[in-house]
Structures are given as C-alpha cells and as structure tokens.
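Chains, contacts and geometry: an overview
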Amino acid sequence: MKTFYTFISIFMLLASLQVSQAQVTYTSKACTPSGGNPFTSGSCWTKTGTCNASAFPPTTAGTSACRINIVINTTVTVASLNLNNFHTLEITPNGILNITGNLSLTGLATSNIKVDGGKLNVGGSFIINSGQTNGTKTLANIDLKNNGVFKVVGKLDMRGDTQVEITGDNSFSMEVGLIDLGQRAFLNIRQGGGVISNG
C-alpha cells in the first residue's frame, strides 16, 4: 500500500510540473498581414501549444502555467511592441524584427529577450517602467548570442523598480543611443554580455 501511495505522489508531482511548464509558441512566417500589423494577424504565425486561445501573440500577460514564446524567423516590421509578464521574444539567425517606435516592458512583468544570430532593431527607445516604488522589480533578461544584433536608436530608459540583466557569448554588445536610469533602476552586465552607449 505504501508503494501505491508513493507512486501516486510521484505521478501527481510530475503532472504538476508539466502544467507549470506549459507554453505556447508563435513562430513568424511570410504573410500579408491584415491591417498591416503582423502581431494582430493569425495568418502571420505558426502556433504550437494550446494553453492560449489566440492565433497570434497576445499582448496580455502569460502565466507560469502558460508561458508565451514569440519567435521571429522572418523579417517582421511593427510600429511598436509591448512585452508582458511571462513573455519570451526570440530572434533566430533568419529573423529580423524592426520596431520603428518603442519597445516597452511596463508594469510588474518579467520578460526574456533572446537574440540568437538575428537582428532586433528599435527605432525609438527601449522603455522599462515598473510604475512601482515598493521594491517589486520589473525584470528584463537579455541574452545576445552568435553575433545577434540588438540596436536601440533612442534610449535604454529604465524607471522605477526595474532591472535589466544582459548576458551573452561575447559576440555582440547591445547598442543604445543613450542610457537613462531613474529611481531604483539596475543595469547588470553579466558574463559575455555588453552595452555600448553612443550618448
């Protein structure tokens, strides 16, 4: 009987781990987006996973039980982009994401940006603003690999309780026009990461 209960306990633990690690991935594909915005057109994405009903990357937050992965595998151009909690943005070697305006991470969110051989070009600023003053941080994890390019023409603009962690393989440094740190903002350059400010 003890063995039976042990088996049930292990089974329940594994089941809970699978639920907590569920994710949905949206991979870009060549398309003619309706309304001109690929981020609001289901025909521009191949979706794998079922924990989110949207046919295109949602702007609402993911959860620990349903993480949102956005994979750019083609050339995609948008006016602006807001990442939310439990969002991961990945640029593959074949991917180019051009954001003519701002890339934003606002509110109580933790997002990941992986530039693995591709290009992420931001014409405006990269804005990270928690809107918090209570020590609860908004966190952006940035990983640059295989000569992946992350260029921000405007500012790396960090406000409130925010933190940016930059890692990589020493092949490229994030380039920004200016770094503007306000309130309790932290910019941490880890092993293999780097930032170049032209301002």
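Residues numbered from 1 in each chain as written. Predicted model: local features only at pLDDT ≥ 70, side-chain atom pairs only at ≥ 80, totals over all residues. Heavy atoms only, no water.

1. A word on the pattern of salt bridges
As a reminder, the rule being used: The working definition used for a salt bridge is a side-chain nitrogen of Lys or Arg within 4 Å of a carboxyl oxygen of Asp or Glu. Comment: elements are numbered from the N terminus, with helices defined as DSSP H or I runs of at least four residues and strands as E runs of at least two. Exposure is judged per residue with a 1.4 Å probe applied to protein chains only, and the accessible area is read against the type maximum: over 50% gives exposed, under 20% gives buried, and values in between give partly exposed.
Tallied over the full model, the rule gives six salt bridges. Here Arg184 ties to Asp161 by a salt bridge, and the two come within 2.8 Å at their closest N and O atoms. One end of the pair, Arg184, is in the loop between β15 (174-181) and β16 (186-189); the other, Asp161, is in the loop between β13 (149-159) and β14 (162-168), with 23 residues separating them in the sequence. For Asp161, a relative accessible area of 1% gives the class buried. Residue Glu165 pairs with Arg190 through a salt bridge whose shortest N-O separation is 2.6 Å. Within this pair, whereas Glu165 is found in strand β14, its partner Arg190 is found in the loop between β16 and β17 (195-197), the two being separated by 25 residues in sequence. Taking relative accessible area as the criterion, Glu165 reaches 12% and is therefore assigned buried. The class of Arg190 is partly exposed, set by a relative accessible area of 44%. In the salt-bridge network here, residues are joined through shared partners; they are Lys155, Asp157, Arg159 and Asp180.

2. Some remarks on the sheet that holds strand β9 (residues 110-116)
How we decide: Whether two strands pair depends on DSSP finding at least two bridges between them. Axis lines are fitted through C-alpha atoms, for helices just across the contact stretch, and the angle between N-to-C directions can take any value from 0 to 180 degrees.
Strand order across the open sheet formed by eight strands is β2-β1-β3-β6-β9-β12-β14-β16, with mixed pairing between neighbours. The sheet is open, and its two edges are formed by β2 (45-48) and β16, each paired on a single side. Adjacent strand axes in the sheet meet at a mean angle of 15°, parallel and antiparallel pairs treated alike. Here strand β6 (residues 87-91) runs beside β9; their pairing, made up of five bridges, is parallel. Bridging from a neighbouring strand, Glu90 pairs with Lys114 of β9.

3. A short note on the nonpolar core
Put simply, the rule is: Among buried residues, those of type Ala, Val, Leu, Ile, Met, Phe, Trp, Tyr and Cys that are joined through side-chain atoms within 4.5 Å constitute a nonpolar core. By the convention used here, residues are in contact when the closest approach between their heavy atoms is within 4.5 Å.
Leu97, Leu103, Leu120, Phe126, Phe150 and Met174 are the most contacted members of the largest nonpolar core, which has 40 residues in total. A total of five residues in this core trace back to one element, the largest contributor, which is β13. Leu120 has contacts with Leu89, Ile91, Leu97, Ile99, Leu103, Ile113, Val115, Val149, Phe150 and Lys151, leaving out every residue within four places of it along the chain.

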